[in-house]
Amino acid sequence: ITGLDPIRFGLLFERFLNPERVSMPDFDIDFCQDRRDEVIAYVRQRHGADKVAQIITFGSFLARGVMRNVGRVLEMPLGQVDKLAKLVPQNPAAPVSLKQAIESEPRLKEAAAEPRVAKMLQIAQTLEGLYSNASTHAAGIVIGDRPLEELVPLYRDPKSDMPATQFNMKWVEQAGLVKFDFLGLKTLTIIANCLKLLKKRGISLD
């Protein structure tokens, strides 16, 4: 991205055309949390509701979650499964696999001597990493130049009136769509609230 002021020179899109960049550009735009929905509603009204969609994300079974799910299906005592699941180290940045946890945690190895626990761990390792649910990307929106159903398959979340793409963010780019991240930032909401409160005291800031 170049250091030019895009607004001064009318270069709203050209600044992203950097020959060294391999992937499609994406636009990160920050808004006050409270008014993010208004911005999305405006974009849908401006470009057409059939041309705007959220982006799907897929949740997958991680070690702790898959143990709890399999334990429930095998009708194991909730407390026992919970205790075992908590033996798996929690590291969101680099999730620990169940196999690694069993190798590094002697108490898990010990518990696996019980046939039912061994069965649960074996099934859980088979399912670990598989997709478990679909939801929508926290910020990502795509805007097409034609109805999106002509470009990508769509999915409708029962809890939302807005469709989502059936391709995740990696694949919508390859389908030729540009991703816009409409981020609702708490910090901007706090600043907006401060300005409102100051205005009540007769102090108006730029």
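Structural data are supplied above this passage.
Residues numbered from 1 in each chain as written. Predicted model: local features only at pLDDT ≥ 70, side-chain atom pairs only at ≥ 80, totals over all residues. Heavy atoms only, no water.

Peer 1: Just to check I follow, could you spell out the side chain of threonine 165 for this structure?
Peer 2: Of note, threonine 165 is situated in strand 5 (residues 164-165). Those residues in contact with threonine 165, other than ones at most four positions away along the chain, are Ala53, Gln54, Ile55, Ile56, Val142, Val152, Pro153, Leu154 and Val172. (Helix = DSSP H or I, 4+ residues; strand = E, 2+ residues; numbered from the N terminus. Contact = heavy atoms within 4.5 Å.)

Peer 1: How should I be thinking about a nonpolar patch on the surface in this particular structure?
Peer 2: A cluster of nonpolar side chains, namely Leu185, Leu188, Ile191, Leu195, Ile203 and Leu205, defines an oily patch on the protein surface of about 470 Å² accessible area. For leucine 205, the location among the structural elements is in the segment after helix 9 (186-200). Of the residues examined, leucine 205 reaches a relative accessible area of 55% and is grouped as exposed. (Patch = residues over 30% accessible without salt bridge, like charges linked within 9 Å, V, L, I, M, F, W, Y side chains within 5 Å. Areas by Shrake-Rupley, 256 points an atom, 1.4 Å probe, with all protein chains shown as cover. Salt bridge = Lys/Arg side-chain N within 4 Å of Asp/Glu carboxyl O. Buried < 20%, exposed > 50% of the residue type's maximum accessible area, 1.4 Å probe, protein only.)

Peer 1: Before we go on, may I ask you to explain the sheet that holds strand 5 in this structure?
Peer 2: Strand pairing within a sheet occurs via backbone hydrogen bonds; the two strands may be parallel or antiparallel. The strand order across the open sheet built from 6 strands is 1-6-3-2-5-4, with neighbouring strands paired in mixed fashion. This sheet does not close on itself; its edge strands, each paired only once, are strand 1 (26-32) and strand 4 (154-155). As paired elements, strand 2 (residues 52-60) and strand 3 (residues 131-143) share 8 bridges and run antiparallel to each other. Residue pairing for strand 3: glycine 59 is matched across the bridge by asparagine 133. Helix 2 (residues 36-47) rests against strand 1, strand 2, strand 3 and strand 6 (179-185) of the sheet, and its axis sits at about 150 degrees to strand 6. Its contacts with the sheet put helix 9 on strand 1 and strand 6, and the angle it makes with strand 6 is roughly 50 degrees. (Pairing = 2+ DSSP bridges. Axes fitted to C-alpha atoms, helices over the stretch in contact; angles between N-to-C directions.)

Peer 1: Would you mind going over the packing of aromatic side chains with me for this structure?
Peer 2: Each aromatic ring pair is specified by the distance between its two centres and by the angle formed by the two planes. With the rule as written, the count across this model stands at 4 aromatic pairs. Each member of the aromatic cluster is reached from another via a ring pair, and the members are Phe27, Phe31, Phe180 and Phe182. (Phe/Tyr/Trp six-rings, centres within 6.5 Å; stacked < 30°, edge-to-face > 60°.)

Worth remembering: the numbers are spatial, not functional.
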